[in-house]
Each structure stands twice: as structure tokens, then as C-alpha cells.
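Chain by chain, the residues:
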Amino acid sequence: MGKIRVLSDAVANQIAAGEVVERPASVVKELLENSLDAGSTDIRVEIEAGGRRLIRIVDNGSGMMRDDAMLAFERHATSKLTSVHDLEQIHTLGFRGEALPSIASVSRLTLETHSRDESSGSRVEINGGKMIKCEEAGLAAGTIITVRDLFYNVPARKKFLRSEQTELAHIASLVTHYSLAHPDKSFELTHGTTELLRVSPVASALERVFQVFGNRILDDLVEFGPESKSLATAEGEQKHFALSGFVSKPHIQKLNRNSIYLFVNGRLIRDKLLQHALTSAYHNLIPPACYPFALLFLDCDFGEVDVNVHPSKTEVRFRHSSFVHDFVRDAVRGKLMESKPVSSLPLPQTASQPGATLPFSEFTQRIENAGPDLYDPVIPVANPVAPNPMPELRLEMPRGPERRFDFNDAQPAQPPARMRMPDTHGPLPPGAAAMNEMESMGSLGDLRPLGQIHNSFIIAAGRDGLWIVDQHVAHERILFEQVLRQFATRQALQQRLLMPMVMELNVGQHLEYARIADELAKAGFETEPFGNRTIAIQAAPAGLAQGDIEKVIFEILDISETELRKASVEDLRRNIAASVACQAAIKINTPLDHQKMEYLLMELAKCEYPMACPHGRPIALRYATRDILRGFHRI
Ligand code: ADP
Ligand code: MG
């Protein structure tokens, strides 16, 4: 007798559950999607013990007829699809008919549902995939699904569950983001007796963002859309794509992708292509290992996207993937460019909130490290003992009887001086939102340099306040854009070396050199192979000091070797430009005369993106006139 047996439905469902039901949040996702598919406008989610003990979803959607209520638990039972052709035009969130039987096979599930087309409702109880009860019940129209003791019969899976808080965080994030995608519906989420989210219908996504995150986040976001673009296919058809949503300004830098939410035709997905498009949009605006916050809605013809890639339906495949990639990248980047936000200095805080201060040396060191947590709220440093290599300076307003705003750091009688971190994503001080309309780099062109602090920062007066510009990063941005333009026009400014410089490369660097030698040439590096793994440099981009040339070349070869082997030519050029710009830019601790400062500010004003250096650091801080007036009690 043969050894192959057909598995029972119960086992098949449990196997399917392994893919569909990874954790409590996946149950919530499937049930929430079913409720949305059923046309619900009011969805309540109740959770106990992080979803292990209880997940209940109450909706006011279509409900199910008696026969359907039982059929729904059969494998591959769905009302959303009839033929394989429908797969090409899926406009519902569900379509595989797998979720309910899978969830029911690994929990104790109760379905209570009432369709408006029947006089009474039904209650179905299922334990570990076995139907226990099916009875008539008096119920309001809509559906209630209660899932208790998830994974009670799959101990192996239960072990993989994380802490209650972690599971709850996943659920909360999911419900929150579905609520953002459907501002016209009510959502409620409770954990035990705690209400985590409650939003009522509003007219726009912006209002929903406000409901969910509050006023504060709006200052950190750029809203856009819908931006649309059409594609003419080879078959002569026009396909339309539209993108709308919110992306964070470059000063928001997250350590992981958890704050990136992508919706394609209303479906929350995880997609590498779109994530890459988004990261490319922020390229050279935020540091490489950082991620933005993003809430993006991409809408397109249903036929343009295949959602039947994975049972959990979180992955998609686009028919015209490179078109979609470039469309998303360019749309997001375009919006970021338009907004040109500037970091503002924090307002003086009340005595109960000492505010974030840290010694200048630590400030510069953080800047040097440019770590991803650069903009996380800074913990106040109490009486630092370490000697500071540079005299410190005070930019926060003293709260004593003598209200003074003094830049003269030569005065010995100054109180212990500190420089404030641009605490741009901590809680905004009251009234800060009012400055928002002025928060743009637009007035850069009118800046009058007044002097330098520490031979490192240019102080300038502008029509909208006092500006502090970091001379190194400002110059870096100017040179970066210059080098990029030179790539485009193929007119790199070059300096010939008196003697060719010979460099020995390791194997990886040598391979990389062979690959990118043409691009190096376009940037102004004239090089040629010189025997075994050695190259000779005859000329380099103008502005690079002789001693820096070698460093830049190594940096470019190493960056591209490790990260960019598969990256586009554009990414490669940006990295070359960033390396050249960083080395060639004036350093901090360099005195500048008035003319040089003026030149620098003027060139900065001409930049396409004057608010952040190619590594993502802010270039300028502004003390708005309004805050100065407020500080002097004039308003
Ligand atoms: P799918 O969503 O892929 O069709 P499911 O197993 O999630 O498969 O659901 C099976 C069917 O049960 C759905 O096609 C739908 O007809 C019905 N259903 C599930 N949840 C609800 C709900 N909340 N309201 C109305 N009908 C529902
Ligand atoms: Mg479903």
C-alpha cells in the first residue's frame, strides 16, 4: 500500500493557519479586512491579554445569511470570487476564503451575524475547527466574531508569541493604520478596560491624522496628493496611477521601517519595491541607516497589481514595477523639495520643563557620529565634568531677572553656557505651530551675515528672524549639488596633479574600480590602471585638497562595494558627489571673512534642497522673529 494520504480538512486548515495566522495581529487583520469588505462603517475591536485571551470584532456591515455563516468556515469558501479570471481584478481585501477556517482551527471562535435580508441572525461556535453549535439568535444587523484562546491547541505556535505588550503594539498599529486609510469610518480599539483608539468619521485623511496623532505630528509631515501619472502600455492602453498620503520631513529619522505604511488599493502591504522607492526619495536627505515616517496610498487599476502572492496578502507584484517605483520616488521627492522645511530653535521652556540641553562638545560629537538617534529627544546633562575642548555658548534665554540674548562668548561672566540641540521632534512648545507658515527656507536669499561663532557657525539676520548656519554642512550641500550638475552636463571642474598619485587597491576595491571608473571620470577623477591592482590618478575634482584625494577614492570604492553594487547609476553618482563634497567643503573651525560668508549664504539659497546636507544633517537653524518678540515679552 502506498504511503501518501490526503490530509483531513482539520489538518489542512491548521497548516494554512501557519501562514495566515502568525500572531494575534494577523487575526485582527483578517477580521478587520472582512469587516471592511462587508461595507462596515463602524468597527469595534476588543482585545484582552494582548489578543491571546480574546479578540472580538464588532461591525455593522452586511452580515451573513444563515447558510453562509456555516459555509464561511469551509476551506476556500468565499463570496468574493467565482472564477480564476476574477483574480485579475480583485477589489476586495479578502478573496482566498482561507481566513475564517484557519483562525477557527487554532482557537475557540464564535460567529454572531445577522444579514438585513433575514429576519433573525445566527450564532456559530467552533472549537479547534470543530463545529460545536449553530443556532438562531436575535442580533443587530452586522457581524461579531469572537476569537478566544488563540493557539490553545497549537502549543508550538503559542511559544513563539511575544509579550502581551508587543502583541498589543502590533494590533494597535494595525488598527490605527486601517483607520487612517478609512477616514470616513468609525474605529474603536480597547484593551481590557483601556480605550486605545476611538475615531469618528471625518471628511479628509488630514483630519484623521489629526484625530489619531494630534496636532504635533502635522508639523513634521508633508501632505500630498493625489499625484497622478499615466502609463501607455504596449497594448495601447492607458493605465492610471495615483499616489497620496503623508511623508515626514527629513528631520524625522526612524531607526527602522516600522513607521512606513503602504496601502495599495486600500490594502495594507509590505513591499520591497515601494519601500525602496521611498528610501530613494530620501536619499541624501536623511542618513543612510534611517527611515522616514510614511503613510502612502497608491491607487491603480486592479489589473496592474497581483495581490495573490502570499496567503497573508501582504505582498504584491506590480505589472509595471519600474514605472511604479519611479513614480512613487519622484512624487515623494518632489514634495519634499517643495516644502523645504527649516529646523527652528526651540523656544524657552517653563521652569518645570528644563528642556534639552547638552554641552557643546557633546553636541558636535553627536553631529560627527551622525547616529540615527541624532534627533531623538536629548536627555538633559547635569553638570558635565568632562572638560570641553571648546568654550561653550549659550543660546537659550536666561530665565533670571536679566533677560538677555547675548552672543558674546568672550564675556567671562556668562552663566554656565550650553548649546541646545534642535529638539525638533520632541513635544513642540505651545504656540510653535503658529510659526509654521513661515517655516520655510524661502527667505534664505535675504540673509545678511553678521559673524561667526567658534569659527564654525555663521550668524545671519533675515527678514524672518535670526539664523545660524553650519558652514561645513552648508558648503557640503552646495558642492554636492554642484558635482551632481557636473555629472549631468559632463563638465567637471578639474585640477591636474603635478605628479600622478599611485594608489594600491584591494581585490574588492579593484573590482569596484573597474565597474565605476567611467563615473569617476565624469566626476573629474582622471585615473588609469597602473599594473597589478594599482591605479594612477592624474587629475581630481577641483576643490579637493591633495591629501584628501586618496581618502575620497577609498571612500567611494568602499561604499559602492558594500552597499551599492546593485544600485542605480544615479545612486552611485550621489554617493560620489557626497564623498567629494564632504572632503572639499570648508571645515568647522575655519575663520571666514564677510565676503566668504555672503558667498556661502548666496550659494546655499540657490540650492535645490538647502535644508539638509547629503548625509541628512540640518544646515540651518532659525530663531523666528516671533519667538524673539515673545522672549522679550513684546507679544
Ligand atoms: P475571504 O475574505 O477571503 O473571502 P474569509 O475566510 O476571510 O475569506 O471569509 C469567508 C467569507 O465569509 C467571506 O467571503 C464573506 O462572505 C464572509 N464574511 C467574513 N467576515 C464577514 C463579515 N464581517 N461580514 C460579512 N461577511 C463576512
Ligand atoms: Mg477574509
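Residues numbered from 1 in each chain as written. Chains lettered and ligands numbered in written order. Predicted model: local features only at pLDDT ≥ 70, side-chain atom pairs only at ≥ 80, totals over all residues. Heavy atoms only, no water.

(A) The overall build of the protein chain, seen in detail. For the protein chain, the count of helices and strands is 17 helices and 25 strands. Scored against the burial criterion, the 635 residues of the protein chain give a buried share of 51%. Put simply, 72% of the contacts in the protein chain that link residues at least 6 apart link residues at least 24 apart. Summing over all exposed atoms, the protein chain offers an accessible surface of approximately 29800 Å²; the carbon and sulfur share of this is 52%. (Helix = DSSP H or I, 4+ residues; strand = E, 2+ residues; numbered from the N terminus. Buried < 20%, exposed > 50% of the residue type's maximum accessible area, 1.4 Å probe, protein only. Contact = heavy atoms within 4.5 Å. Areas by Shrake-Rupley, 256 points an atom, 1.4 Å probe, with all protein chains shown as cover.)

(B) Summary view of the packing of aromatic side chains. Following the criterion strictly, the structure yields 4 aromatic pairs and no others. An angle of 80° between the planes, with centres 5.8 Å apart, marks the rings of Y178 and F263 as edge-to-face. On the criterion of sequence distance, the pair formed by Y178 in helix α6 (residues 164–181) and F263 in strand β11 (residues 260–264) is long-range, its members being 85 residues apart. Judged by relative accessible area, Y178 falls into the buried class, the value being 0%. The class of F263 is buried, set by a relative accessible area of 1%. Summarising the aromatic geometry, the rings of F323 and F327 are spaced 6.5 Å apart at their centres and angled 20° between planes, so their arrangement reads as stacked. (Phe/Tyr/Trp six-rings, centres within 6.5 Å; stacked < 30°, edge-to-face > 60°.)

(C) Up close: the sheet that holds strand β24 (residues 534–541). Strand order across the open sheet formed by 3 strands is β22-β24-β23, with antiparallel pairing between neighbours. With partners counted over all chains shown, the strands left at the sheet margins are β22 (494–504) and β23 (526–529), one partner each. In this sheet, adjacent strand axes meet at a mean angle of 15° when their direction is disregarded. In the sheet, β22 pairs with β24 via 7 bridges, with the strands oriented antiparallel. Paired with Q494 across the bridge in β24 is P541. (Pairing = 2+ DSSP bridges. Axes fitted to C-alpha atoms, helices over the stretch in contact; angles between N-to-C directions.)

(D) Structural detail: the pattern of salt bridges. Using the criterion set out here, one finds 30 salt bridges in the structure. For K606, the salt bridge identified is with E603, shortest N-O distance 2.9 Å. In this pair, K606 and E603 both sit in helix α16 (residues 594–606), 3 residues apart, roughly one turn of the helix. The exposure class of K606 is exposed, given its relative accessible area of 57%. (Salt bridge = Lys/Arg side-chain N within 4 Å of Asp/Glu carboxyl O.)

(E) Representation of helix α7 (residues 205–213) within the structure. Buried within α7 we find R208, V209 and V212. Seen along its axis, α7 keeps its buried residues to an arc of 105°; they face one direction. (Arc of directions from axis to C-beta.)

(F) Up close: the sheet that holds strand β2 (residues 54–59). The strand order β5-β4-β3-β6-β2-β1-β7-β8 describes an open sheet built from 8 strands, whose pairing is mixed. In this open sheet, the two edge strands, each paired with only one partner strand, are β5 (130–137) and β8 (194–199). Direction aside, the axes of adjacent strands within the sheet are offset by 10° on average. Helix-sheet contacts for helix α2 (residues 24–37) involve β1 (42–48), β2, β6 (142–148) and β7 (186–191), and the interaxial angle to β2 is about 10°.

(G) Main features of a nonpolar patch on the surface. Side chains of L7, V11 and I15 sit close together on the surface and give an oily, nonpolar patch of about 260 Å² of accessible area. Along the chain, I15 falls in helix α1 (residues 9–20). (Patch = residues over 30% accessible without salt bridge, like charges linked within 9 Å, V, L, I, M, F, W, Y side chains within 5 Å.)

(H) Just the site of ligand 1, in detail. Around ligand 1 there are 21 residues in total, and N34, T78, S79, K80 and G97 lie nearest to it. A distance of 2.6 Å is found between an oxygen atom of ligand 1 and a side-chain nitrogen or oxygen belonging to T78. Here an oxygen atom of ligand 1 and a backbone polar atom of L100 are 2.9 Å apart. In the complex, 93% of the free accessible area of ligand 1, which totals 530 Å², lies under the protein chains. When contributions to the shell around ligand 1 are tallied by element, the ones reaching two or more residues are α2 and α4 (99–105). The leading source of residues in the shell around ligand 1 is α4, at 3 residues. (Near = heavy atom within 4 Å. Polar contact = N/O pair within 3.5 Å; in protein donor to acceptor, adjacent residues only side chain to side chain.)

(I) Layout of the pairing of β1. Side-chain alternation along β1 places I43, V45 and I47 on a buried face and D42, R44, E46 and E48 on a face that remains uncovered. The pairing of β1 with β7 spans 6 bridges and is parallel. Across the sheet, the residue bridging to D42 is S186, located in β7. As paired elements, β1 and β2 share 6 bridges and run antiparallel to each other. When the bridges of β2 are listed, V45 appears paired with I57. Hairpin geometry of β1 and β2 is characterised by an intervening segment of 5 residues between the two adjacent antiparallel strands and by a positive phi of about 50° at A49.

(J) Quick look at the nonpolar core. V28, V45, F73, V147 and L295 are the most contacted members of the largest nonpolar core, which totals 52 residues. Looking at which domains feed residues into this core, each of domain 1 (9–161) and domain 2 (217–230 + 239–344) gives three or more. Among all residues touching V28, those that are not within four sequence positions of it are V45, I47, I55, I57, I171, L174 and V175. One finds F241, Y282, A294 and A612 within the second-largest nonpolar core, a separate group that totals 40 residues. (Core = buried A, V, L, I, M, F, W, Y, C linked by side-chain atoms within 4.5 Å. Domains from an automatic or database assignment.)

(K) Looking closely at the environment of S79. Among the secondary structure elements, S79 is positioned in the loop between α3 (66–71) and α4. In this structure S79 comes out as exposed when scored by relative accessible area, which is 74%. S79 sits 18 residues away from G97 along the chain, and the two C-alpha atoms are 8.1 Å apart.

(L) α6, seen in detail. The terminal C-alpha atoms of α6 lie 26 Å apart, and with 18 residues this matches the ideal 26 Å at 1.5 Å per residue to within 8%. The set of residues buried in α6 consists of E167, L168, I171, L174, V175, T176, H177, Y178, S179 and L180. (Expected span 1.5 Å × (residues − 1).)

(M) Quick look at the environment of E46. Position of E46 relative to the elements: it lies in strand β1. Here E46 falls in the partly exposed class, since its relative accessible area comes to 21%. Here the alpha-carbon distance between E46 and H191, two residues 145 residues apart in the chain, equals 6.1 Å. Those residues in contact with E46 that sit more than four places away from it in its chain are L54, I55, R56, V58 and T190.

(N) Layout of the packing of helix α12 (residues 471–489) against helix α15 (residues 569–584). Two elements in contact, α12 and α15, have axes whose closest approach is 8 Å; the angle formed by their N-to-C orientations is 140°. Between α12 and α15, the angle is such that the two are oblique. Taken as a pair, α12 and α15 cross one another with a handedness that is right-handed. Residues H472, H475, E476, L479, F480, V483, L484 and F487 of α12 form the contact with α15, whose own contacting residues are R573, R574, I576, A577, A578, V580, A581, C582 and A584. (Parallel < 35°, antiparallel > 145°, perpendicular 65-115°, else oblique. Left-handed = near helix turned anticlockwise from the far one by under 90°.)

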